[in-house]
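One-letter residues, chain by chain:
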Amino acid sequence: DGEAPCDDCQVMNYMVDAYYIAELLRKEDPEAFKLLCEVEVRFENNGGDGGSALVHVAPHFELEGGDGSGSGHTLRAVRFSAKSGQYAPPLGVEKMTAFYRARRRFSELAHDPKYVMSLQLKPGDLLIFDNQRLLHARSGIAPTDGERWVQGAHFDRDGLWLNYERWRRRAGTTQ
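Residues numbered from 1 in each chain as written. Predicted model: local features only at pLDDT ≥ 70, side-chain atom pairs only at ≥ 80, totals over all residues. Heavy atoms only, no water.

Colleague: Any chance you could explain the packing of aromatic side chains here in plain terms?
Modeller: Working definition: an aromatic ring pair is given by the centre-to-centre distance plus the angle between the planes. Counted by the stated rule, this structure contains five aromatic pairs. Between Tyr-20 and Tyr-115, the aromatic rings sit 5.7 Å apart at their centres with planes inclined by 55 degrees, giving tilted as the arrangement. One end of the pair, Tyr-20, is in helix α1 (residues 18–28); the other, Tyr-115, is in the loop between α3 (93–110) and β6 (117–119), and 95 residues separate them in sequence. Assessed through its relative accessible area of 45%, Tyr-20 is described here as partly exposed. When the centroid spacing of 5.2 Å and the interplanar angle of 65 degrees are considered together, the rings of Phe-61 and Phe-106 count as edge-to-face. With Phe-61 in strand β4 (residues 61–63) and Phe-106 in helix α3, the pair connects residues that are 45 residues apart, well separated along the chain. Here the aromatic residues Phe-33, Phe-61, Phe-80 and Phe-106 are joined through ring pairs into a cluster of three or more. Taking the ring centre of Tyr-87 as reference, the NZ or CZ of Arg-42 above it sits at 4.5 Å. Sitting over the face of the ring of Trp-167, Arg-170 holds its NZ or CZ atom 4.7 Å from the ring centroid. (Phe/Tyr/Trp six-rings, centres within 6.5 Å; stacked < 30°, edge-to-face > 60°. Helix = DSSP H or I, 4+ residues; strand = E, 2+ residues; numbered from the N terminus. Buried < 20%, exposed > 50% of the residue type's maximum accessible area, 1.4 Å probe, protein only. Lys NZ or Arg CZ within 6 Å of the ring centre and 35° of its normal.)

Structure follows, in structure tokens:
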């Protein structure tokens, strides 16, 4: 309805369709897109409590059933974070320079206001999205924003596909 959750609320939530941005990059600079499909980087997350250590190594862009060339393949996942994923393996100077140029260009496109959706959430609002498609962030929280309560929930994609495959085989289908 366009109303802020309170008269003095300032916190904003920002979302960007990472698939759309990746496809813009693929059209603009196919070599940059290819590098972000090929170079595996280390993502880290401490769970917010400093007592956990989650590490995942993967390229920024994961293609569906592809060989990483980017040609004719569809995106399966986009992983991008200002806080993580900047740990590239040792690369030659030219490739490293091209990789970080590609990463920076993707970031520039993702931060372009014309591709960003902004919204304020009110008490009781629910926002559900695919974390491997939608990039998300928020502004700072001002003292006037009041109490904030956010609950995250995640589902295991691998478990979902495992169960799908089990049922598909039981049914004897090929799709």
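Colleague: Looking at this structure, how should I read the pattern of salt bridges?
Modeller: Note on pairing: side chains with opposite charge can pair once their charged atoms come close. In this structure the tally under the stated criterion is 10 salt bridges. A salt bridge links Arg-76 to Glu-62; the nearest nitrogen and oxygen atoms lie 2.9 Å apart. Here Arg-76 is found in strand β5 (residues 75–78), whereas its partner Glu-62 is found in strand β4, with 14 residues between them in sequence. Residue class for Glu-62 comes out partly exposed when judged on its relative accessible area of 21%. Glu-108 serves as the salt-bridge partner of Arg-105, at 3.2 Å between the closest nitrogen and oxygen. Taken together, the positions of Arg-105 and Glu-108, both in helix α3 and three residues apart, correspond to about one turn of that helix. Several salt bridges share partner residues, and in doing so they unite Glu-28, Arg-105 and Glu-108 into one network. (Salt bridge = Lys/Arg side-chain N within 4 Å of Asp/Glu carboxyl O.)

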